[in-house]
Amino acid sequence: METVVRVAVPIPAYRCFDYLAPAGVPLESLLPGVRLSVPFGNRIRVGYLIAVVETPGCEVERLRPAAAVLDAAPLLSETDLKLLRWAARYYHHPLGEVIQSAFPVHLREGGGAELARPSGLVLTPAGAALDPATFRRAPVQRRLFEVLRGRERPLPASRLAELAGSGRTVRDAARRLVERGWAEWVDLQDRRIPAVAGPPLQLNPAQLGAVDEISQNLGRYGVFLLEGVTGSGKTEVYIEVIRRVITRGEQALVLVPEISLTPQLERRLRERIEAPLAVFHSGLSETERAAAWLGFQKGEVGVLLGTRSAVFAPMRWPGVIVLDEEHDRSFKQQEGFRFSARDVAVMRARMADIPLVAGSATPSLESIRNVQRGRYVRLVLPARAGAAVAPRYRVLDIRARRLQDGLSEGLIAAMRDTLAAGDQVLLFLNRRGFAPALVCHGCGWVARCRRCDANLVLHARESRLRCHHCAAEHGLPGCCPSCGQEDLRPLGVGTERVDEALRRLFPEVGVARIDRDSTRGRRSLERMLERVQQGEVGILLGTQMLAKGHHFPGVTLVGILDVDAGFYSTDFRAAEHTAQLIVQVAGRAGRGGKPGTVLLQTRHPDHPLLQRLLRDGYPGFAAAELAERESACLPPFGYQALWRAESKELALSMDFLARLREEADGKNGAVHWLGPAPAPMPRQAGRYRAQLWLKSARREELHAVLTDALARLQETPERRVRWSLDVDPVDFY
DNA sequence: AGCACGCCGACT
DNA sequence: GTCGGCGTGCTC
C-alpha cells in the first residue's frame, strides 16, 4: 500500500489534490505544512502537504507521484497551520491560496532550501583534537579552526564572511574542513534568540500600569486595547512589553498599517531592544523578505516589524503581537484573499496563547465593543504632562460663504495669525489633483473617463486629465470636445489647487504639499518632512498621508477643508472613518503648553455626529455611533458579507448574483439579503460591477449560507463572471 | 489560475 | 483552406 498525501495547491478551487508520496521519502518527513513540488496539469507547482490520508479522494489510478518534498521540516508549525485553516474557513477562501499567502514569494516558488535551513559550523571531535600546527600552510583554515575551537555554539554560516577579507576564501576553507571530517554543518533550527533585551525604559505611572497588566499575562491569551492620544507614549509601552518578552526568550510580532510607519518605529525599537530585529513589507526585495521571514521562523530574529502580510509569519517562540493603529483600514486586504490582519492577529494570539496589544488614539468600534463585552481589556494612557494640550475645535460654517480655492475667509484669517506668531499651519483635504472635474461653461460638458463611471481629475501642473480609478490619462483639450467653445473650467478643489492658492495668498511662506502625487520619488516624503521639522515650511497641506504617524510639534493650527465629504456617504462606516481622521489629524498639532486649534469647514455645522465629536470627543462619538449601529443591526452588532461580481456586461454580473440569491434565499431566515445592485461606481476600467450584500445577526448562520452557496457554485461554475467574496467588508465600492 | 481542446468567423 | 477568437472542462 503506497502512501497518499493530500496537498493544497494554490489555485482558486475549494479542494485539495491527492498524490502518491515521492519515491524514497520516509513517512516521518511527510509532515503537515511541508512544501512539495507536484505535477499539476502539465506544469510543476508548489503545494502544501495537508495530511497523509488512508483513502484518496479519487481513483487510485489517477494519482500521480509528487515530484519532491521541499522541506526537511515544516516551516509552519501546527498552530500556524491551524490558523491558516481557520482563515480559509472564515474568509471562505481556497486553502492553497491562503497557505501560499503566509509565505514570501521566494518560498512560494519552491526556492530557499538552503536559506530554509540555516546552518552553523562546528568542529567534529576529530577536528577538536587537532593541533593548530596542522594548518601551517592554510592560514584561513587555521583562523577558522581557532574561531570554532573558541566557541560553544556553532558559527552561523552568515557570519563566516567576517573572518577574512573575502567571503569566498572562508567558505572554501570551511568546505575543506568539512571534507576532511574536521568540521560539520549543523542545523540552527533550534537556536534560540539570546535573552538579552537592553535596560528597562523609564515609564510614567500610567505606562507602567499598562505594561504590568500586560506582562502579567505573558504566556497567556489576552487582548489589550491600549488607548491614548498622540504623544501619550503608546510606543514606550510596546517597547517595554517587547523587552520583557525578549527577556523570556520569546519573540514579538509588530504590525503597522503602512510601510511609511516602519522607519520611525524601527529606529525606536532598535534603540531600545538589543535582540535582532527584522522588517517585513512590500518595499523590500524578495530576498530580503525571505531572509526576514526565515529568521523569524527559526527564532533567530527577536522582533519582526511588518505590514499586513506579516501577520502569518511563523514565530518559533511566540511571545506577543503588537498591532499599532489598530483602527486603520489598511489592515484589511482589499483583493484576492480579503483578510483582516487585525482579526487574524487576534485569532493568532488566541491560538498561540499569547497576549495581543492593540494601540490607537481612535479605536475601531469593533474593538470598543469587545471591551464592553469583556473580551478585551482597555488600558488608557492619559496625555503626558508637558506634552501637547488637547486641541480646541471650532466649526466654520461655510454655508453661503464664498470660498477662495476651498479656503474660507475665517480660515485664511486664522492662518495669518498663526503664521504671524511664528507657528505652522496644517491643512487637510482628502482629494488630490487640481480639481475633481473639468467642465465646459458653454454647454455643460464634463470630462469623463471612457472606461469608468467617473469624472477625470484635472492635474494642472502636468496639464493632464487623469482617472483615479483606472490607468486612463489624457492631455488637456484646447476647447470643448462637445461644443467647441474655449471655456473649460476646473470645478471643485484638490490639494494642487489649494497649494497654488496658498502660494498666492502667502507668498513669503514655505508650503509643503504632501500627497501621493507630490511624494512620488524615493525619499521625497522624507525630504519634505525634514523641511517641515527644520521650520522651512509655514504651511503643510496634504491628504490622509498627513494623518498617519508623523508628529508636527510646530503646528498649532489645523484646518480641515471639507468635513462633509466624509460624513455624508452611503458607507455606514464613513462617519467612524471621518471622526478617526479628524482626531488623528488634530493629534498632529500642538506642542508643550500651547494648545492647538482645529478649524472644521462644513456646510452642516449641526450634524449630530459632528456635534457629538466636538462636544464629547472621540469616546462620546463612538458611544453615539455604536448606539446607531446597534439599532440598525450593523457591525459590530451584526455580521456581513459582500459578494462582488465583475464582467463585460452589467446584466451578466447582476444575473450571476441574482442566481446566487435565488438558489439560497428563503432557506435561512436568519440571513438577510440586499441586492443584487450595481456597485456604487458600476463601471470600472471597462468592467461592470455589481454586488450582493448579506447580513445576519448570527455569524454562524451567515457562514452556513456562504458555505452552501459556494458548494453550489463549485458544481455549476460561471466562467464569464469574475467574482469575489468579502467577509466583514470595510469598503463598499 | 493556467492550459488544452474545440467550435465558429475573416484572412494570407 | 487556416489563424485565432474565447467558451468549456480539468487539474490528483
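Worth saying up front: this structure is predicted, and the values here are computed from it rather than measured.

Rules of the game
- Residues numbered from 1 in each chain as written.
- Chains lettered and ligands numbered in written order.
- Predicted model: local features only at pLDDT ≥ 70, side-chain atom pairs only at ≥ 80, totals over all residues.
- Heavy atoms only, no water.
- Core = buried A, V, L, I, M, F, W, Y, C linked by side-chain atoms within 4.5 Å.
- Buried < 20%, exposed > 50% of the residue type's maximum accessible area, 1.4 Å probe, protein only.
- Contact = heavy atoms within 4.5 Å.
- Helix = DSSP H or I, 4+ residues; strand = E, 2+ residues; numbered from the N terminus.
- UniProt positions renumbered as here; feature names shortened; annotations may be inferred.
- Phe/Tyr/Trp six-rings, centres within 6.5 Å; stacked < 30°, edge-to-face > 60°.
- Lys NZ or Arg CZ within 6 Å of the ring centre and 35° of its normal.
- Salt bridge = Lys/Arg side-chain N within 4 Å of Asp/Glu carboxyl O.
- Domains from an automatic or database assignment.

Novice: Would you explain the nonpolar core in this entry?
Specialist: Where a protein is soluble and globular, its nonpolar side chains tend to be buried together. Ile99, Leu255, Trp293, Leu304, Phe312, Trp643 and Leu694 are the most contacted members of the largest nonpolar core, which has 77 residues in total. Residues within four places of Leu255 in sequence aside, it is in contact with Gly306, Thr307, Ala310, Val311, Ile321, Val322, Leu323, Asp324, Phe331 and Ala345. Formed by 39 residues, the second largest nonpolar core is a distinct cluster that contains Ile514, Val537, Val598 and Leu626.

Novice: What am I meant to see in unusual backbone geometry here?
Specialist: Leave glycine aside and you will find that most residues have negative phi; peptide bonds, for their part, are mostly trans. With omega at 10°, the peptide bond leading from Pro635 into Pro636 counts as cis. With respect to the helices, strands and loops of the structure, Pro636 is situated in the loop between helix H19 (608-632) and strand S28 (639-647). The phi torsion at Asp405 lies on the positive side, around 50°, for a residue other than glycine. Taking relative accessible area as the criterion, Asp405 reaches 17% and is therefore assigned buried. If you check the backbone angles, Ala685 has positive phi at about 50° while not being a glycine. Secondary-structure assignment places Ala685 in the loop between strand S29 (671-684) and strand S30 (687-696).

Novice: For this particular structure, what's the right way to read the UniProt feature "binding site: Zn(2+) 2" (unreviewed entry) in chain A?
Specialist: In the numbering adopted here, UniProt assigns the feature "binding site: Zn(2+) 2" (unreviewed entry) to Cys449, Cys452, Cys467 and Cys470. A maximum C-alpha distance of 8.7 Å is found for the annotated residues, which run over 22 residues; spatially they form one tight group. As for its placement among the helices and strands, Cys452 is situated in the loop between strand S19 (437-440) and strand S20 (457-459). In this structure Cys452 comes out as buried when scored by relative accessible area, which is 0%. Non-local contacts of Cys452, meaning those with residues more than four positions away in its chain, are made with Cys467, His469, Cys470, Arg683, Gln684 and Ala685. By the element assignment, Cys467 lies in the loop between strand S21 (464-466) and strand S22 (473-475). With near-sequence residues (within four places) excluded, Cys467 lies in contact with Cys449, Cys452, Leu456 and Ala472.

Novice: When you look at the packing of aromatic side chains in this model, what are you seeing that I'm missing?
Specialist: Each aromatic ring pair is summarised here by two numbers: the centre-to-centre distance and the angle between the ring planes. Counted by the stated rule, this structure contains 16 aromatic pairs. With a centroid separation of 4.8 Å and 40° between ring planes, the pair formed by Phe337 and Phe339 is classed as tilted. Considered together, Phe337 and Phe339 belong to a single accessibility category, that of buried residues. On the numbers, 5.9 Å between centres and 35° between planes, the contact of Tyr618 with Phe621 is tilted. Taken together, the positions of Tyr618 and Phe621, both in helix H19 and three residues apart, correspond to about one turn of that helix. What makes Tyr618 buried here is its relative accessible area of 5%. Here Arg289 stacks its cationic end above the ring of Phe280, 4.4 Å away from the centre of that ring. Positioned above the aromatic ring of Trp317, the side-chain terminus of Arg316 is 4.5 Å from the ring centre.

Novice: Just to check I follow, could you spell out the pattern of salt bridges for this structure?
Specialist: A side chain with one charge may pair with a side chain of the opposite charge, provided their charged atoms come close. The tally for this structure, following the rule as stated, stands at 53 salt bridges. One salt bridge connects Asp726 with Lys332, and the closest N-O pair in it is separated by 2.6 Å. Placement of Asp726 in strand S31 (residues 722-727) and of Lys332 in the loop between strand S14 (318-324) and helix H12 (341-352) is noted, with a sequence separation of 394 residues between them. Residue Asp726 shares its accessibility class with Lys332, and that shared class is buried. Between Arg399 and Asp397 there is a salt bridge, and its shortest N-O distance comes to 2.7 Å. You can call Asp397 partly exposed: its relative accessible area is 28%. A network of salt bridges, in which partner residues are shared, links Asp172, Arg175, Arg176 and Glu179.

Novice: Hey, could you run me through the domain arrangement of chain A in this one?
Specialist: When the parts of a complex come together, some accessible area is lost, and that lost area is often used as the size of the interface. By domain assignment, chain A separates into domain 1 (4-108), domain 2 (119-187), domain 3 (205-381), domain 4 (392-433 + 494-626), domain 5 (437-491) and domain 6 (639-727). Here the C-alpha centre of domain 2 lies 38 Å away from the C-alpha centre of domain 1.

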